[in-house]
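# Structure assessment
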Amino acid sequence: MNDVARLSERIDALEVRLTYQDEAIETLNQTITAQWKQIDALTRQLAELRDRLQEAERQAPSPANERPPHY
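Structural notes, computed from the coordinates. (Residues numbered from 1 in each chain as written. Predicted model: local features only at pLDDT ≥ 70, side-chain atom pairs only at ≥ 80, totals over all residues. Heavy atoms only, no water.)

### Concerning the overall build of the protein
Applied cut-off: For helices the rule is a DSSP run of H or I covering at least 4 residues; for strands it is a run of E covering at least 2, with both sets numbered from the N terminus onward. Radius of gyration: C-alpha atoms only; globule rule: 2.2 Å multiplied by the number of residues to the exponent 0.38. Each residue is placed in one exposure class: buried if its accessible area under a 1.4 Å probe, protein chains only, is under 20% of its type's maximum, exposed if it is over 50%, and partly exposed if it falls in between. To be clear on the numbers: accessible area is Shrake-Rupley with a 1.4 Å probe, and residue cover counts the displayed protein chains and nothing else. Positive charge is attributed to Lys and Arg, negative charge to Asp and Glu, and no charge count is given to His or to the chain ends. Throughout, a charge is located at the NZ atom of Lys, the CZ atom of Arg, the CG atom of Asp or the CD atom of Glu.
Along its length, the protein carries one helix and zero strands. In terms of C-alpha radius of gyration, the protein reaches 31 Å, well past the compact-globule figure of 11 Å for 71 residues. For the protein, the spread of C-alpha atoms along the principal axes amounts to about 105 × 20 × 10 Å. Here the protein holds 71 residues, and 0% of them are scored as buried. Carbon and sulfur atoms make up 56% of the accessible area of the protein, which amounts to about 7200 Å² in all. The average position of the 9 basic charges and that of the 13 acidic charges among the side chains of the protein differ by 8 Å.

Below, the structure is given as structure tokens:
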């Protein structure tokens, strides 16, 4: 009976460990998913800012290589 009790305790301990690992994995998955969403949003924002910068550069007057009129 002693061996059966020890095996039962060991099984219980392993089940607790597996439950903890499952919960930890789920938490990590949620964290990673949230981070990927943030990365995606920032990537889209960066692309939008890059487009706006390119548009502003196209609309800006080109730099003149001549001296200002007061020289």
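### Things to note about the pattern of salt bridges
Counted only if it meets this: A pairing counts as a salt bridge when a side-chain nitrogen of Lys or Arg comes within 4 Å of a carboxyl oxygen of Asp or Glu.
Inspection of the entire model under this criterion finds three salt bridges. The salt bridge involving Arg6 is made with Asp3; its shortest N-O contact spans 2.4 Å. Within this pair, Arg6 and its partner Asp3 are both found in helix H1 (residues 2-59), separated by three residues, close to a single helical turn. Take Asp3: its relative accessible area is 48%, and that puts it in the partly exposed class. In this structure, the salt-bridge partner of Arg58 is Glu55, at a minimum N-O distance of 2.7 Å. Linking Arg58 with Glu55, this pair stays in helix H1, spanning three residues, or about one helical turn.

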